[in-house]
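Letter by letter, the chains look like this.
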Amino acid sequence: MKKVAELVIKFRIGIIIGTILLTLFFGYSLKDLTINPDIVSYFPKDDPVVELFNYIGEEYGGNQIAIIAIEADEIFQEDIIHNIQEITSDIQMLDGVSYVTSITNVLNIKDDEFGGIEIGKLIDEYELPESLEELQEIKEYTLSKEMYKGRLISEDSKTSLIVCRLDVEADKIKTAHQIKEIINKKDLTAKVFYGGIPFQLIDLSDIMLNDINVLIPIISILIILALFFSFRSFRGVILPLLSVAFSTIWTLGVMSLLNIPLTVISNIIPVILMAVGSAYSIHVINKFNESVVSNENRIEQSKKALGEISIPVLLASITTVVGFAAFVFGAYLDMIRDFGLFSGLGIFFAFVISITFVPSILSIIPVIKTSSKNETNNKKGIILFMDKIGVFVLKNERIIIICGILFFVICILGIPKIQRSVDMLDYFKKGTNIRLTERMMEHKFGGSIPIQILVKGDIQDPVVLSEMKKFEDFLNGQGDVKNPQSIADLIEEMNDVMGDGKVIPDSREKITNLWFLLEGEDVMSQLVNSDYTEAVIQATIVSVNSKRIKQLVNDIKTYLDGMSSSDFTFTQTGMHIIYYKLDDSIMKSQVQSLIIALILIFLIMMFQMHSVSGGLMGLIPIFFTLASIFGVMGYFKIPLDIATVLVGSISIGIGIDYSIHFINRFKKEFQQNHNELEALSKTLETTGRAIVINVITVMLGFLVLIFANLIPLQRFGILVAITMIGSGIGAITLLPAVILITKAKFVGDWSEIKNGIFDKTNSVIKKTKLKK
């Protein structure tokens, strides 16, 4: 890296100008950066379950359902009914809406005065009920029908739903906004709730924008304070901030140019880059402060300083990139792949800027000599603290290792307690509109998470319809599955009106006759295809608890596998099985990303140390940190979700940086004087100081996420902050203790110190000297 250092210093003016021009270019492209909060859109399109889910959406009126809940003391009032009818009609006119269903336009099947069947609307939109008698009559009739009660009207008749199916190609957020505008224009006395994914996306989009606007200023202030109290210099504050600001602009600029939107996960990339990316500049500045001491030889000293620090910074950046890149392989959600890819790219940009732009600036700035008084004051700060750490480690190597092992074991025992969560509702804080609406939906209407079964065969065959009805009865028996419905229910209802009982007719001829009466009704295209070879059974589930979802998916599979006929097939899809796949992928992604990250980082450490033992030694703080993370998650019931699943690999990539810098400096110091005590002291005073500054900076950066509005991001921030503390402590206490106990050969040629450097007397003398 010496030649690279020489080139950087030689062309420093061009590098500074080029960096600024690139930043302006990428900054201009940010105007086209978009936000996509739709998690569903990131499910893998080639997954058979997702393919079938999308197919049903395309063929049967859309999978995206926007729900408006109207709540009043009594729904069956003249003004409330009028409002529902007007809203239903207005929404139906929107371009992105395929179907709207409410009590004012839902299909109604009843007998006519001649003993036949009359198919119409539950409430005639042209003759809305006005008198109390009419309203009471329609109320009693509606609540007597299973087709409506618990589906469109609550049992207490205080809440009614307007269910909107959006077109597959519709802009969900735009359409949801248009629906809200329609309702806001009405002079409603009733309370309105908004449920379903389209309305959730509006809230998510607002949350993401709010988080960006709030979190970045907060983290900037905290990092400024941490850097100021650490370096107490203008360049020690401004240069790290410029490096992370530039790398963030470059990363988001590339995303914008490639039309990659921000998601609920990649939304935190700026926070990550500000917290993590500053580390490389901190180490470079710390090295320059140590090595560049005179204006006369500033250029040569700058070359030497950059040449020495470049390798550890390079290795540290590679390991961090590896931690993020682990998500590119095996992640179930595309947005997690994007997060890993562009976070890694941002880290690479931060590294490039830290070894080009930052040293270019440092080589130009004149050296300011510090007075002896200031040096004494600095000595009383972080350096004095590191001296005490060194004395503590030298006196208590064995105690440190024993305590580390005990802590590791205790944390390991907490791992089996970790739970997984895929419930999007838990991502929002209590009291938010989304949670209030969904809880109301669960309580009064059986939830809003769809279960879908695609039936293939001759749908007009009595056997097929009977099997569909049997399956609905099976779903009803699950307890938390509500409102199963299909074409079979309409046929049963019509048969009952005809006086033959609420059963599927046993003859094809009668089914065909009843079917004829349903032709042309809007509901038919949502339940069956045009040639009657496919039909859909739909239901909703209240809970998305991981264990319950897994059990339901397996129970449905067992039931369907028990069907022996070759004349028809039943295939399950819906959000329940997608959540199941997501839950399963979270565990697999966690294990796979950890294995990939650990293997790659071990190889990097082994390359740096030129030995297997050296590679293993560098991983010690990482295992210590991973145990801390998962132990905390288990004991404090922090679930594994789409955000916390990222913590392990990220922590490996970030946390190993401390080991790299510590071992690299310790190795260099030991090779110079062959004295482990002086090497440790010097390493702690220099690199150890930078590690402490870095830990504080990164920790504060991630703790900012506790101000995020999404709960998984709060958990993510807390866990990463914990890992920074764990890996930092491990690097400056546990790692040197292990080195001293094992006399690890990778730090130097131990054959030269066999004659007494490690004898008890000499060790005690040197420890005492260091303490003084």
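Since the model is a prediction, treat every value here as computed from it, not as a measurement. Starting afresh in each chain, residues are numbered from 1 along the sequence in its written order. This being a predicted model, a pLDDT of at least 70 is required before a residue's local features are given, and a value of 80 or more before pairs of side-chain atoms are given or counted; all residues contribute to the totals for chains, interfaces and linings. Working from all heavy atoms in the structure, the side-chain values ignore hydrogens and water.

Here's the deal with the side chain of T142
Strands are runs of DSSP state E lasting at least 2 residues, helices are runs of H or I lasting at least 4, and numbering of each runs from the N terminus. Here T142 lies in helix α5 (residues 132-143). For T142, a relative accessible area of 0% puts it in the buried group. Discounting chain neighbours no more than four positions away, the residues touching T142 are F76, L122, Y148, K149 and I153. Relative accessible area decides the class of each residue, using a 1.4 Å probe on protein chains only: under 20% of the type maximum gives buried, over 50% gives exposed, and in between gives partly exposed. Whether two residues are in contact is decided by their heavy atoms, any of which lying within 4.5 Å being enough.

Digging into the domain arrangement of the protein
It is common to give the size of an interface as the accessible area that goes away when the parts come together. Domain extents, as shown, originate in an automatic or database domain assignment. According to the domain assignment, the protein contains domain 1 (1-32 + 233-370), domain 2 (64-202), domain 3 (374-417 + 610-772) and domain 4 (448-580). Spacing between the C-alpha centres of domain 1 and domain 4 amounts to 57 Å.

A look at the sheet that holds strand β5 (residues 159-166)
The 4 strands lie next to each other as β2-β5-β1-β6, forming an open sheet whose pairing is antiparallel. Here the strands that pair on one side only, and so sit at the sheet edges, are β2 (97-101) and β6 (191-195). Sheet twist, expressed as the average angle between the axes of neighbouring strands with direction ignored, equals 20°. The criterion for strand pairing is that DSSP finds at least two bridges linking the strands in question. The pairing of strand β1 (residues 65-71) with β5 spans 7 bridges and is classified as antiparallel. Opposite A66, over in β5, you have C164 as the bridge partner. In this analysis an axis means a line fitted to C-alpha atoms, helices contributing only their contacting stretch, and an angle means the value between N-to-C directions, from 0 to 180 degrees.

A closer look at the sheet that holds strand β8 (residues 481-485)
Here 4 strands make up an open sheet; going across it, the order is β8-β9-β7-β10 and the pairing antiparallel. Edge positions in the sheet fall to β8 and β10 (569-574), since each has one partner strand and no second. Pairwise comparison of adjacent strand axes, ignoring direction, gives a mean angle of 20° for this sheet. Relative to strand β9 (residues 534-541), β8 runs antiparallel, the two sharing 3 bridges. Bridge assignment links V481 to a residue of β9, and that residue is I541. Each of β7 (449-456), β9 and β10 is contacted by helix α3 (residues 48-59), which is oriented at about 90° to β10, the strand it contacts most. Set on the sheet, helix α21 (residues 546-561) makes contact with β7, β8, β9 and β10; between it and β10 the angle comes to about 165°.

A closer look at the nonpolar core
Side chains of a nonpolar character, in soluble globular proteins, are inclined to be buried together. In these notes, a set of buried Ala, Val, Leu, Ile, Met, Phe, Trp, Tyr and Cys residues joined through side-chain atoms within 4.5 Å is what counts as a nonpolar core. Counting residues in each nonpolar core, the largest one holds 198 residues, and the members touching the most others are M468, I487, F570, I642, F702 and F716. At 14 residues, the largest contribution of residues to this core is made by helix α22 (residues 575-609). Non-local contacts of F702, meaning those with residues more than four positions away in its chain, are made with I272, A275, V276, I654, F716, G717, V720 and A721.

Focus on a negative patch on the surface
On the surface, a cluster of negative charge is contributed by E78, D79, D124, E125, E127, E130, E133, E134, E137 and E140. Residue assignment for the negative patch shows that the elements contributing at least two residues are α4 (78-92) and α5. Broken down by element, the residue count for the negative patch peaks at 4 residues, all from α5. Positionally, D79 belongs in helix α4. Residue classification places D79 among the partly exposed residues on the basis of a relative accessible area of 36%. Patch membership needs two things, relative accessible area over 30% and no salt bridge, and members are linked within 9 Å if like-charged or within 5 Å if nonpolar (Val, Leu, Ile, Met, Phe, Trp, Tyr). Each accessible area value is a Shrake-Rupley result obtained with a 1.4 Å probe; residue values ignore everything except the protein chains displayed when judging cover. Whenever a carboxyl oxygen of Asp or Glu lies within 4 Å of a side-chain nitrogen of Lys or Arg, that contact is scored as a salt bridge. When charges are counted, Lys and Arg are positive and Asp and Glu negative, with His and the chain ends excluded. Charge placement uses NZ in Lys and CZ in Arg. For Asp and Glu, CG and CD serve respectively.

Considering the pattern of salt bridges
Under the defined criterion, the tally for this structure stands at 25 salt bridges. With its nearest N and O atoms 3.0 Å apart, the salt bridge here joins D561 to K557. Taken together, the residues span about one helical turn, with D561 and K557 both in helix α21 at a distance of 4 residues. D561 sits in the exposed class, given a relative accessible area of 52%. According to the relative accessible area criterion, K557 is partly exposed, its value standing at 47%.

Thoughts on the packing of aromatic side chains
Between 30 and 60 degrees the pair is tilted, below 30 it is stacked and above 60 it is edge-to-face, where a pair is any two Phe, Tyr or Trp rings, Trp via its six-membered ring, whose centres lie within 6.5 Å. Scanning the model with the defined rule gives 17 aromatic pairs in all. Taking the centre distance of 4.9 Å and the plane angle of 55° together, the rings of Y194 and F199 count as tilted. Each member of the pair, Y194 as well as F199, carries the same accessibility label: buried. With 5.7 Å between their ring centres and 70° between their planes, F568 and F570 make a pair best called edge-to-face. Under the relative-accessibility criterion, F570 is labelled buried at 9%. Among the aromatic residues, ring-to-ring pairing joins F25, F26, W250, F348 and F349 into one connected group. Of note, K180 hangs over the ring of Y194, and the distance from its end group to the ring centre comes to 4.8 Å. In this scheme, the term charge over a ring applies when either NZ of a lysine or CZ of an arginine sits within 6 Å of the ring centre and within 35 degrees of the ring normal.

Structural notes on the confidence of the model for the protein
For the protein, the average pLDDT comes to 84, and 93% of its residues sit at 70 or higher. By definition, pLDDT measures how confident the predictor is in each residue, and it falls between 0 and 100. Looking across the protein, the model is least confident in helix α28 (residues 760-771), with a mean pLDDT of 40, and most confident in helix α2 (residues 12-29), with 95. Within the model, pLDDT remains below 50 along residues 745-772, and this stretch shows 43 contacts once partners closer than five positions in the same chain are excluded.

Some thoughts on the packing of helix α25 (residues 647-673) against helix α26 (residues 676-703)
Remark: α25 packs on α26, axes separated minimally by 8 Å, with the N-to-C direction vectors making an angle of 165°. The angle between α25 and α26 falls in the class roughly antiparallel. Here α25 and α26 pass one another in a crossing that is right-handed. When residue character is reported, Ala, Val, Leu, Ile, Met, Phe, Trp, Tyr, Cys and Pro are called nonpolar, Asp, Glu, Lys and Arg charged, and the others, Gly included, polar. Split by residue class, the contact of α25 with α26 holds 12 nonpolar, 6 polar and 5 charged. Angle categories: roughly parallel below 35 degrees, roughly antiparallel above 145, roughly perpendicular from 65 to 115, and oblique for all the rest. By convention the crossing between two helices is left-handed if the near helix lies anticlockwise of the far one by an angle smaller than a right angle, and right-handed if it lies clockwise.

Some details on α5
Under the 1.5 Å per step criterion, the end-to-end length of α5 is 16 Å for 12 residues, consistent within 8% with the ideal 16 Å. Within α5 the residues assigned to the buried category are L135, I138, K139, T142 and L143. With its buried residues spanning 125° around the axis, α5 presents them on a single face. The exposed residues of α5 that point more than 90 degrees off its buried face are E133, E137 and E140. Packed against the buried residues of α5 are α4. What a helix should span is 1.5 Å times the count of its residues minus one. Directions pointing from the helix axis toward each C-beta atom define the arc.

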